[in-house]
Amino acid sequence: MSDWAVRVNDVSKRFRLYQERNQTLKSAILRGKTSKHEDFWALKDISFDVIEGHTHGLIGSNGSGKSTLLKCLAKIYWPTSGSIEYRGRMASLLEVGSGFHLELSGRENIYLNGSILGMSKKEIDSKFDEIVDFSGVERFLDQPVKNYSSGMYVRLGFSIAINVDPDILVVDEVLSVGDEEFQRKSFQKFLEFKKRGKTVILVTHTMPVVEDICDTVTWINKGEMMQTGPAIDVVKKYQSSID
(Lines give C-alpha, C1' and ligand atoms only; values in the text may rest on other atoms or scores of the structure.)
Protein backbone atom coordinates (compact mmCIF):
# COMPACT_ATOMS: atom_id res chain seq x y z
CA MET A 1 0.00 0.00 0.00
CA SER A 2 1.20 3.53 -0.79
CA ASP A 3 -0.44 5.20 2.23
CA TRP A 4 1.36 3.41 5.06
CA ALA A 5 2.89 5.45 7.91
CA VAL A 6 4.78 2.61 9.63
CA ARG A 7 5.98 -0.62 8.05
CA VAL A 8 7.27 -3.50 10.19
CA ASN A 9 9.21 -6.02 8.09
CA ASP A 10 10.04 -9.48 9.55
CA VAL A 11 11.18 -8.01 12.87
CA SER A 12 12.83 -10.37 15.35
CA LYS A 13 14.46 -9.43 18.65
CA ARG A 14 16.86 -11.66 20.59
CA PHE A 15 18.04 -11.22 24.16
CA ARG A 16 20.85 -13.18 25.78
CA LEU A 17 20.02 -14.66 29.18
CA TYR A 18 23.25 -15.20 31.09
CA GLN A 19 23.58 -18.07 33.56
CA GLU A 20 27.22 -17.33 34.46
CA ARG A 21 28.83 -14.11 33.36
CA ASN A 22 32.43 -12.99 33.60
CA GLN A 23 32.43 -9.49 35.06
CA THR A 24 36.04 -8.69 34.11
CA LEU A 25 38.74 -9.84 31.69
CA LYS A 26 40.75 -11.05 34.70
CA SER A 27 37.93 -13.35 35.85
CA ALA A 28 37.57 -14.74 32.33
CA ILE A 29 41.31 -15.60 32.21
CA LEU A 30 41.36 -17.07 35.71
CA ARG A 31 38.25 -19.19 35.15
CA GLY A 32 39.43 -20.17 31.70
CA LYS A 33 35.96 -20.17 30.21
CA THR A 34 33.49 -17.91 28.52
CA SER A 35 30.19 -16.69 29.90
CA LYS A 36 27.28 -19.09 29.66
CA HIS A 37 24.08 -17.85 28.11
CA GLU A 38 21.02 -18.90 26.18
CA ASP A 39 19.19 -16.99 23.48
CA PHE A 40 15.67 -15.79 24.15
CA TRP A 41 13.68 -14.61 21.14
CA ALA A 42 11.20 -12.01 22.39
CA LEU A 43 9.94 -11.39 18.84
CA LYS A 44 9.94 -13.71 15.84
CA ASP A 45 9.36 -12.46 12.29
CA ILE A 46 6.68 -9.82 13.00
CA SER A 47 5.30 -8.02 9.94
CA PHE A 48 2.46 -5.51 9.50
CA ASP A 49 1.71 -2.07 8.06
CA VAL A 50 0.01 0.79 9.88
CA ILE A 51 -1.97 3.01 7.53
CA GLU A 52 -1.51 6.76 7.79
CA GLY A 53 -4.15 8.26 10.08
CA HIS A 54 -5.09 4.91 11.64
CA THR A 55 -4.85 3.86 15.29
CA HIS A 56 -3.21 0.44 15.57
CA GLY A 57 -3.37 -1.67 18.74
CA LEU A 58 -0.87 -4.26 19.96
CA ILE A 59 -2.54 -6.86 22.17
CA GLY A 60 -1.57 -10.07 23.94
CA SER A 61 -1.00 -11.48 27.39
CA ASN A 62 1.77 -10.31 29.72
CA GLY A 63 5.18 -11.37 28.43
CA SER A 64 3.98 -11.81 24.86
CA GLY A 65 6.45 -9.29 23.40
CA LYS A 66 4.17 -6.24 22.98
CA SER A 67 6.33 -3.83 24.96
CA THR A 68 9.50 -5.14 23.30
CA LEU A 69 7.98 -4.42 19.90
CA LEU A 70 6.88 -0.97 21.08
CA LYS A 71 10.44 -0.22 22.21
CA CYS A 72 11.69 -1.29 18.79
CA LEU A 73 9.15 1.06 17.21
CA ALA A 74 10.32 3.85 19.56
CA LYS A 75 13.99 3.17 18.69
CA ILE A 76 14.88 2.22 22.26
CA TYR A 77 15.74 -1.29 21.04
CA TRP A 78 17.05 -2.23 17.60
CA PRO A 79 15.71 -5.39 15.96
CA THR A 80 18.10 -8.33 15.76
CA SER A 81 16.81 -8.85 12.24
CA GLY A 82 14.21 -7.21 10.03
CA SER A 83 13.45 -3.50 9.71
CA ILE A 84 11.00 -0.78 10.70
CA GLU A 85 10.25 2.13 8.35
CA TYR A 86 8.47 5.41 9.15
CA ARG A 87 6.91 8.23 7.18
CA GLY A 88 6.70 11.37 9.30
CA ARG A 89 7.82 12.64 12.69
CA MET A 90 7.58 10.01 15.44
CA ALA A 91 7.30 10.51 19.22
CA SER A 92 6.88 7.92 21.96
CA LEU A 93 5.03 7.82 25.27
CA LEU A 94 6.59 4.84 27.01
CA GLU A 95 8.27 5.86 30.25
CA VAL A 96 6.45 9.08 31.05
CA GLY A 97 8.72 11.69 32.66
CA SER A 98 11.89 9.64 32.05
CA GLY A 99 13.70 12.79 30.90
CA PHE A 100 12.96 14.80 34.05
CA HIS A 101 15.69 16.25 36.28
CA LEU A 102 14.47 15.86 39.87
CA GLU A 103 16.20 18.99 41.17
CA LEU A 104 14.70 21.25 38.51
CA SER A 105 11.26 22.83 38.73
CA GLY A 106 8.25 21.76 36.72
CA ARG A 107 8.70 24.86 34.55
CA GLU A 108 12.34 24.03 33.81
CA ASN A 109 11.51 20.39 33.14
CA ILE A 110 8.89 21.35 30.57
CA TYR A 111 11.68 22.93 28.50
CA LEU A 112 14.17 20.17 29.23
CA ASN A 113 11.82 17.28 28.50
CA GLY A 114 10.28 19.05 25.52
CA SER A 115 13.72 19.49 23.94
CA ILE A 116 14.55 15.81 24.57
CA LEU A 117 11.35 14.90 22.72
CA GLY A 118 12.41 17.05 19.74
CA MET A 119 10.57 20.33 20.30
CA SER A 120 12.24 23.70 19.69
CA LYS A 121 12.10 26.44 22.33
CA LYS A 122 9.68 28.34 20.10
CA GLU A 123 7.38 25.31 19.93
CA ILE A 124 7.51 24.84 23.71
CA ASP A 125 6.80 28.55 24.25
CA SER A 126 3.71 28.35 22.05
CA LYS A 127 2.39 25.24 23.86
CA PHE A 128 3.54 26.10 27.39
CA ASP A 129 0.16 27.27 28.72
CA GLU A 130 -1.61 24.27 27.17
CA ILE A 131 0.89 21.86 28.76
CA VAL A 132 0.47 23.43 32.19
CA ASP A 133 -3.32 23.57 31.94
CA PHE A 134 -3.60 19.96 30.80
CA SER A 135 -1.29 18.69 33.55
CA GLY A 136 -3.09 20.53 36.37
CA VAL A 137 0.18 21.29 38.23
CA GLU A 138 0.09 25.09 37.89
CA ARG A 139 0.27 25.73 41.67
CA PHE A 140 3.48 23.70 41.90
CA LEU A 141 5.07 24.78 38.61
CA ASP A 142 8.11 26.42 40.25
CA GLN A 143 8.69 23.63 42.79
CA PRO A 144 11.33 20.91 42.15
CA VAL A 145 9.65 17.86 40.63
CA LYS A 146 11.27 15.69 43.34
CA ASN A 147 8.55 17.11 45.60
CA TYR A 148 5.73 16.12 43.22
CA SER A 149 3.40 13.24 43.95
CA SER A 150 3.65 10.32 41.54
CA GLY A 151 0.36 11.40 39.96
CA MET A 152 1.58 14.97 39.36
CA TYR A 153 4.85 13.66 37.94
CA VAL A 154 3.10 11.38 35.46
CA ARG A 155 0.52 14.02 34.45
CA LEU A 156 3.21 16.58 33.66
CA GLY A 157 5.28 14.07 31.68
CA PHE A 158 2.23 12.97 29.71
CA SER A 159 1.16 16.58 29.06
CA ILE A 160 4.57 17.47 27.62
CA ALA A 161 4.81 14.41 25.39
CA ILE A 162 1.25 14.66 24.06
CA ASN A 163 1.98 18.21 22.89
CA VAL A 164 4.99 17.26 20.75
CA ASP A 165 2.46 17.08 17.88
CA PRO A 166 4.05 14.17 15.98
CA ASP A 167 2.77 12.50 12.83
CA ILE A 168 3.19 9.11 14.54
CA LEU A 169 2.65 8.53 18.27
CA VAL A 170 3.82 5.31 19.96
CA VAL A 171 2.07 4.70 23.30
CA ASP A 172 2.35 2.14 26.12
CA GLU A 173 -0.62 1.90 28.52
CA VAL A 174 -0.69 5.66 29.20
CA LEU A 175 -4.49 5.74 29.13
CA SER A 176 -4.31 4.16 32.59
CA VAL A 177 -2.22 6.91 34.24
CA GLY A 178 -3.56 9.46 36.70
CA ASP A 179 -7.01 9.73 38.23
CA GLU A 180 -10.32 9.17 36.46
CA GLU A 181 -10.62 12.79 35.33
CA PHE A 182 -7.13 12.79 33.83
CA GLN A 183 -7.78 9.47 32.08
CA ARG A 184 -10.90 10.99 30.53
CA LYS A 185 -8.93 14.02 29.33
CA SER A 186 -6.22 11.72 27.93
CA PHE A 187 -8.79 9.67 26.05
CA GLN A 188 -10.28 12.83 24.54
CA LYS A 189 -6.79 13.88 23.46
CA PHE A 190 -6.38 10.62 21.57
CA LEU A 191 -9.73 11.13 19.87
CA GLU A 192 -8.52 14.58 18.78
CA PHE A 193 -5.38 12.94 17.38
CA LYS A 194 -7.54 10.60 15.32
CA LYS A 195 -9.69 13.43 13.99
CA ARG A 196 -6.57 15.31 12.92
CA GLY A 197 -5.37 12.32 10.91
CA LYS A 198 -2.47 11.35 13.17
CA THR A 199 -1.15 7.79 13.30
CA VAL A 200 -1.15 6.09 16.72
CA ILE A 201 0.30 2.73 17.78
CA LEU A 202 -0.59 1.65 21.30
CA VAL A 203 -0.30 -1.23 23.73
CA THR A 204 -3.21 -1.74 26.10
CA HIS A 205 -4.86 -4.59 27.98
CA THR A 206 -8.21 -2.78 27.97
CA MET A 207 -10.18 -4.36 25.15
CA PRO A 208 -13.05 -1.80 25.22
CA VAL A 209 -10.44 0.91 24.53
CA VAL A 210 -9.06 -1.14 21.63
CA GLU A 211 -12.54 -1.60 20.18
CA ASP A 212 -13.40 2.09 20.66
CA ILE A 213 -10.36 3.76 19.14
CA CYS A 214 -8.34 1.20 17.13
CA ASP A 215 -8.85 0.68 13.40
CA THR A 216 -6.50 -2.29 13.19
CA VAL A 217 -4.83 -4.63 15.69
CA THR A 218 -1.88 -7.01 15.84
CA TRP A 219 -2.12 -9.88 18.33
CA ILE A 220 1.18 -11.28 19.61
CA ASN A 221 1.65 -14.42 21.68
CA LYS A 222 5.05 -15.58 23.00
CA GLY A 223 6.82 -13.38 20.46
CA GLU A 224 4.88 -14.68 17.46
CA MET A 225 2.24 -12.83 15.48
CA MET A 226 -1.05 -14.67 15.76
CA GLN A 227 -3.18 -12.32 13.68
CA THR A 228 -3.27 -8.80 12.27
CA GLY A 229 -6.23 -7.00 10.73
CA PRO A 230 -9.44 -5.08 11.58
CA ALA A 231 -9.74 -4.43 15.32
CA ILE A 232 -13.13 -6.11 15.83
CA ASP A 233 -12.03 -9.35 14.14
CA VAL A 234 -8.69 -9.65 15.94
CA VAL A 235 -10.08 -8.74 19.39
CA LYS A 236 -12.84 -11.32 18.98
CA LYS A 237 -10.34 -14.03 18.09
CA TYR A 238 -8.02 -13.02 20.96
CA GLN A 239 -10.81 -13.00 23.54
CA SER A 240 -12.05 -16.41 22.41
CA SER A 241 -8.54 -17.79 22.98
CA ILE A 242 -8.46 -16.69 26.62
CA ASP A 243 -12.07 -17.54 27.61
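Now for a look at the structure at hand. For every chain, the first residue of the written sequence is number 1, and numbering continues from 1 onward in sequence order. Under the rules for a predicted model, residues below a pLDDT of 70 receive no local features and side-chain atom pairs below 80 are neither given nor counted, while totals for whole chains, interfaces and linings still include all residues. Remark: hydrogens and water are excluded; side-chain values derive from all non-hydrogen atoms of the structure.

### Quick word on the overall build of the protein chain
For clarity, the threshold we go by: Helix and strand assignments come from DSSP, with helices taken as H or I runs of at least 4 residues and strands as E runs of at least 2, each series counted from the N terminus. Burial status follows relative accessibility: with a 1.4 Å probe on protein chains alone, a residue under 20% of its type maximum counts as buried, one over 50% as exposed, and anything between as partly exposed.
Counting its secondary structure elements, the protein chain contains eight helices and nine strands. A burial count over the protein chain gives 42% of its 243 residues as buried.

### Focus: the side chain of T199
Basically, it comes down to this: Polar contacts, as counted here, are pairs of nitrogen or oxygen atoms within 3.5 Å of one another; within protein the pair requires one atom able to donate a hydrogen and one able to accept it, and residues that are adjacent in sequence qualify only if both atoms are side-chain atoms.
Within the secondary structure, T199 sits in strand β7 (residues 199-203). Reaching out from T199, the side chain makes a polar contact with the backbone nitrogen of G53 at a distance of 2.9 Å.

### Points about the pattern of salt bridges
Put simply, the test is: We define a salt bridge as a side-chain nitrogen of Lys or Arg found within 4 Å of a carboxyl oxygen belonging to Asp or Glu.
Inspection of every chain in the model, using the stated rule, returns eleven salt bridges. In this structure, E103 engages K146 in a salt bridge whose closest nitrogen and oxygen atoms are separated by 3.1 Å. With E103 in the loop between β5 (90-93) and α3 (106-116) and K146 in the loop between α4 (121-135) and α5 (150-162), the pair connects residues that are 43 residues apart, well separated along the chain. Relative accessible area serves as the criterion here: at 45%, K146 is assigned to the partly exposed category. In this structure, R107 and D142 form a salt bridge, with 2.8 Å as the shortest nitrogen-oxygen distance. With R107 in helix α3 and D142 in the loop between α4 and α5, the pair connects residues that are 35 residues apart, well separated along the chain. Three or more residues are tied together by salt bridges with common partners; here these are D165, R196 and K198.

### Description of unusual backbone geometry
Phi angles above zero are rare outside glycine, and D45 is one such case at about 55 degrees. Tracing the sequence through the fold places D45 in strand β2 (residues 36-51). For D45, a relative accessible area of 52% corresponds to the exposed category. A positive phi is found at D165, a non-glycine position, where the angle reads about 60 degrees. Locating D165 in the fold gives a position in the loop between α5 and β6 (168-172).

### Notes on the packing of α5 against helix α6 (residues 180-195)
Defined as follows: Note on definitions: angles span 0 to 180 degrees between N-to-C directions of axes, and those axes are lines fitted to C-alpha atoms, for helices only across the stretch in contact. Note on angle classes: values under 35 degrees are labelled roughly parallel, values over 145 roughly antiparallel, values of 65 to 115 roughly perpendicular, and the remainder oblique. Any pair of residues with heavy atoms lying within 4.5 Å of one another is described as a contacting pair. Amino acids are sorted into nonpolar (Ala, Val, Leu, Ile, Met, Phe, Trp, Tyr, Cys and Pro), charged (Asp, Glu, Lys and Arg) and polar (every other residue, Gly among them).
Across the interface, α5 lies against α6 with an axial gap of 12 Å and an inter-helix angle of 10 degrees. As far as their axial angle goes, α6 and α5 are roughly parallel. Where α5 abuts α6, its residues R155, F158, S159 and I162 lie against F182, S186, K189, F190 and F193. Of the residues belonging to the contact of α5 with α6, the class tally is five nonpolar, two polar and two charged.

### With respect to the nonpolar core
Filter applied, for reference: What makes a nonpolar core is a set of buried Ala, Val, Leu, Ile, Met, Phe, Trp, Tyr and Cys residues whose side-chain atoms join them at distances within 4.5 Å.
I59, I110, L156 and L169 are the most contacted members of the largest nonpolar core, which totals 40 residues. Apart from the residues lying within four places of it in its own chain, the contact partners of I59 are K66, T204, M207, V210, V217, T218, W219, I220, V234, V235 and Y238. By size, the runner-up hydrophobic cluster in this structure holds 21 residues, among which are A5, F48, L94 and I220.

### Let's talk about the packing of aromatic side chains
Note on aromatic pairs: each is described by the distance of the centres and the angle between the planes. Just so we agree on the cut-off: Pairing of aromatic rings covers Phe, Tyr and the six-membered ring of Trp, with a centre-to-centre limit of 6.5 Å; geometry is then stacked below 30 degrees between planes, edge-to-face above 60, and tilted otherwise. Only when the NZ atom of a Lys or the CZ atom of an Arg is both within 6 Å of the ring centre and within 35 degrees of the ring normal do we say a charge sits over the ring.
Applying the stated criterion across every chain, the model contains seven aromatic pairs. An angle of 75 degrees between the planes, with centres 5.4 Å apart, marks the rings of F15 and Y77 as edge-to-face. You can see F15 sitting in strand β1 (residues 4-20) and its partner Y77 sitting in the loop between α2 (66-73) and β4 (81-86), a full 62 residues away along the chain. Accessibility expressed as a relative area gives 25% for F15, which makes it partly exposed. Members of the aromatic cluster, joined through ring pairs, are F134, F158 and F182. Directly above the aromatic system of F15 lies the positively charged group of K13, at a separation of 5.3 Å from the ring centroid. Over the face of the ring belonging to F134 we find K185, whose NZ or CZ atom lies 4.8 Å from the ring centre.

### Digging into the pairing of strand β9 (residues 224-230)
The test is simple: Two strands make a pair as long as DSSP finds a minimum of two bridges between them.
Bridge count for strand β8 (residues 216-221) against β9 is six bridges, and the pairing is antiparallel. Paired with T218 across the bridge in β9 is T228. The antiparallel pairing of β8 with β9 creates a hairpin that spans two residues between the two strands, and K222 there sits at a positive phi of about 50 degrees.

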